[in-house]
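Here's the letter readout for the chains.
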Amino acid sequence: MDEPRTHIRPMTRADCDRVSEIRIRGWQHAYRGLMPQPYLDGLSVTADAERRRARFGRGGGPVVNLVAEQGGRVLGWAAHGPYRDGGADTGDAELYALYVDPAHLGRGIGRELLTASVERCPAYPRMLLWVLKDNVSARRFYERAGFRADGAEEPFEADGVPVPEVRYARVLGPV
């Protein structure tokens, strides 16, 4: 049986609970063994949804939140906007997040969300993103999409444990 068609659309306030569920379950799935388990176990869908709704109520500013929907059900989420570099405007875009419901991984939903995010950034020369250094599957995913590690690294701290991240970059527009 064929997968239902994926529809990418802007996230709405009504999507906050589902997006938080996808984000938290995505972290717990993708980062198992890469971050301290107590940190992952302590992540709360409810708390994340409350923060997300509060942010949504203030307006997203330059952040673009997209969801991937199949058969009326949200199965993935991506967020992008201007690159965050200590408040300095670099002129680049950043993919802040991309998560797919773990039960629906490997079906092209993440690729469609990434493509949609890239297509919505025509004014930016590059798109940057951060990925856990040891997250081999995510690194392969981004590399297949034309992103390359650019040598920048920084630690993400989870329960006081530094977890190294590497930055990836992709030139946008005609290559």
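Summary of the structure given here. Note that the coordinates shown come from a computational prediction; the quantities given were computed from them, not determined experimentally.

Quick notes on the rules
Residues numbered from 1 in each chain as written. Predicted model: local features only at pLDDT ≥ 70, side-chain atom pairs only at ≥ 80, totals over all residues. Heavy atoms only, no water. Helix = DSSP H or I, 4+ residues; strand = E, 2+ residues; numbered from the N terminus. Rg over C-alpha atoms; globule rule 2.2 N^0.38 Å. Buried < 20%, exposed > 50% of the residue type's maximum accessible area, 1.4 Å probe, protein only. Pairing = 2+ DSSP bridges. Axes fitted to C-alpha atoms, helices over the stretch in contact; angles between N-to-C directions. Contact = heavy atoms within 4.5 Å. Parallel < 35°, antiparallel > 145°, perpendicular 65-115°, else oblique. Left-handed = near helix turned anticlockwise from the far one by under 90°. Nonpolar A, V, L, I, M, F, W, Y, C, P; charged D, E, K, R; others polar. Expected span 1.5 Å × (residues − 1). Phe/Tyr/Trp six-rings, centres within 6.5 Å; stacked < 30°, edge-to-face > 60°. Lys NZ or Arg CZ within 6 Å of the ring centre and 35° of its normal.

A few words now on the overall build of the protein chain. From N to C terminus, the protein chain includes five helices and seven strands. Overall, the protein chain shows an N-to-C arrangement of helices and strands of β-α-α-α-β-β-β-α-β-α-β-β. Relative to the globule expectation of 16 Å for 175 residues, the C-alpha radius of gyration of the protein chain, 16 Å, shows essentially globular dimensions. Across its three principal directions, the C-alpha atoms of the protein chain cover 40 × 40 × 35 Å. Relative to its full complement of 175 residues, the protein chain shows a buried share of 43%.

Moving on, we get to the sheet that holds strand 5 (residues 126–132). As summarised here, the arrangement of the seven strands in space is 1-2-3-4-5-7-6, forming an open sheet in which the pairing is mixed. Among the strands making up the open sheet, the edge pair consists of strand 1 (6–10) and strand 6 (148–158). Strand-to-strand, the axes of this sheet are offset by a mean angle of 25 degrees, without reference to chain direction. Sheet analysis places strand 3 (residues 73–82) next to strand 4 (residues 93–100), joined by seven bridges and oriented antiparallel. The residue bridging A79 from the neighbouring strand is A97, located in strand 4. Sitting on the sheet, helix 5 (residues 136–144) touches strand 4, strand 5, strand 6 and strand 7 (161–171), and the angle it makes with strand 5 is about 165 degrees.

Turning our attention to the packing of helix 1 (residues 16–30) against helix 3 (residues 45–58). Remark: helix 1 packs on helix 3, axes separated minimally by 8 Å, with the N-to-C direction vectors making an angle of 130 degrees. The angle between the axes of helix 1 and helix 3 places the two elements in the oblique class. Between helix 1 and helix 3 the crossing geometry is right-handed. Each of C16, D17, V19, S20, E21, R23, I24 and R25 in helix 1 lies in contact with helix 3, whose residues at this interface are V45, D48, A49, R52, R53 and F56. Of the residues contributing to the contact of helix 1 with helix 3, the split by class is six nonpolar, one polar and seven charged.

As a further point, take helix 1. Counted at 1.5 Å a residue, the expected span for helix 1 with its 15 residues is 21 Å, and the 21 Å between its end C-alpha atoms agrees. The set of residues buried in helix 1 consists of C16, R18, V19, S20, I22, R23, I24, G26, W27 and Q28. If you follow the buried residues of helix 1, they end up packed against helix 2 (37–41), helix 3, strand 2 (64–70), strand 3, strand 4 and strand 6.

What follows deals with the environment of R23. The topology assignment puts R23 in helix 1. If sequence neighbours within four positions are ignored, R23 has contacts with D48, R52, W77 and Y99.

Counting across every chain of the model gives seven aromatic pairs. Here W27 and Y31 contribute two aromatic rings whose centre-to-centre distance is 5.0 Å and whose plane-to-plane angle is 80 degrees, an arrangement assigned as edge-to-face. Neither residue differs from the other here; W27 and Y31 are each classed as buried. Here W27 and Y39 contribute two aromatic rings whose centre-to-centre distance is 6.3 Å and whose plane-to-plane angle is 45 degrees, an arrangement assigned as tilted. One end of the pair, W27, is in helix 1; the other, Y39, is in helix 2, with 12 residues separating them in the sequence. Clustering of aromatic rings is evident, with ring pairs tying together W27, Y31, Y39 and F156. Over the ring of W77 we find R52, and its NZ or CZ is 4.6 Å from the ring centre.

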